[in-house]
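Working through the structure, step by step
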Amino acid sequence: MQQGKLIAVCTSPGKGQRKKDVGQGVLVPGFGVEGDGHGGDWHRQVSLLALESIEKMRAAGLDVGPGDFAENLTTEGLDLCALPLGTLLQVGETAVLEITQIGKICHERCAIYYEAGDCVMPKEGIFAVVRQGGEVARQDPVKVIKMGDGTTEAVS
């Protein structure tokens, strides 16, 4: 199975804001990242973005890093956008995420767009629900433990 690693664990007090890399956190079933303003009982509890996507923005001249696109988890070594809906990812020793959405529609330009000049989340970010909780930290492995079939409907 495919494997990458966790580069950053990021939180913020509210939605649509740049997040700060706090280095570690707890994934809570039915919520998301403990203490994060994006968490809640919905299908986008945790947002993920690949470091490779951030590096594309850096190559375009933007001064950005992990958390700047409001992602909770920054990964490296996994093609997140290629993973179908329903895919299960193990993060760290025990946490399990289920991919529920790939990309998103931005009806309004968010604060990230105005601060960074662009936003890769609508095209390259993915969203997940926490199926099994656990502690996660930088450098933890992120493994595909079951490929989805792409037909999973968003979990409310």
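One can find the structure itself at the top, above this paragraph.
One structure accompanies this document, and this report is about it. (Residues numbered from 1 in each chain as written. Predicted model: local features only at pLDDT ≥ 70, side-chain atom pairs only at ≥ 80, totals over all residues. Heavy atoms only, no water.)

This part takes up the side chain of Ser-47. Position of Ser-47 relative to the elements: it lies in strand 5 (residues 46-50). Among the polar contacts made by the side chain of Ser-47, one reaches the main-chain carbonyl oxygen of Ala-70 at a distance of 3.3 Å. (Helix = DSSP H or I, 4+ residues; strand = E, 2+ residues; numbered from the N terminus. Polar contact = N/O pair within 3.5 Å; in protein donor to acceptor, adjacent residues only side chain to side chain.)

Looking now at the nonpolar core. Leu-27, Val-46, Leu-48 and Leu-97 are the most contacted members of the largest nonpolar core, which has 23 residues in total. Contributions of two or more residues to this core are made by strand 1 (3-11), strand 5, strand 7 (88-91), strand 8 (95-102), strand 9 (126-132) and strand 11 (141-146). What Leu-27 contacts, discounting residues up to four positions off in sequence, is Gly-32, Val-33, Val-46, Ala-95, Leu-97, Val-130, Gly-133, Gly-134 and Val-136. Within the second largest apolar cluster, 7 residues are counted, among which are Ile-7, Ile-54, Met-57 and Phe-69. (Core = buried A, V, L, I, M, F, W, Y, C linked by side-chain atoms within 4.5 Å. Buried < 20%, exposed > 50% of the residue type's maximum accessible area, 1.4 Å probe, protein only. Contact = heavy atoms within 4.5 Å.)

Attention shifts here to the sheet that holds strand 4 (residues 32-33). Taken together, 3 strands build an open sheet; the order of strands is 4-3-10 and the sheet is antiparallel. The sheet is open, and its two borders are formed by strand 4 and strand 10 (134-137), each paired with just one other strand. Inspection of the sheet shows strand 3 (residues 24-28) paired to strand 10 by 4 bridges, in the antiparallel sense. Residue pairing across strands places Gln-24 opposite Ala-137, the latter belonging to strand 10. (Pairing = 2+ DSSP bridges.)

Following the criterion strictly, the structure yields 6 salt bridges and no others. Asp-21 serves as the salt-bridge partner of Arg-138, at 3.1 Å between the closest nitrogen and oxygen. Note that Arg-138 is positioned in the loop between strand 10 and strand 11 and Asp-21 in strand 2 (residues 20-21), a separation of 117 residues in sequence. Since its relative accessible area comes to 41%, Arg-138 is described here as partly exposed. (Salt bridge = Lys/Arg side-chain N within 4 Å of Asp/Glu carboxyl O.)

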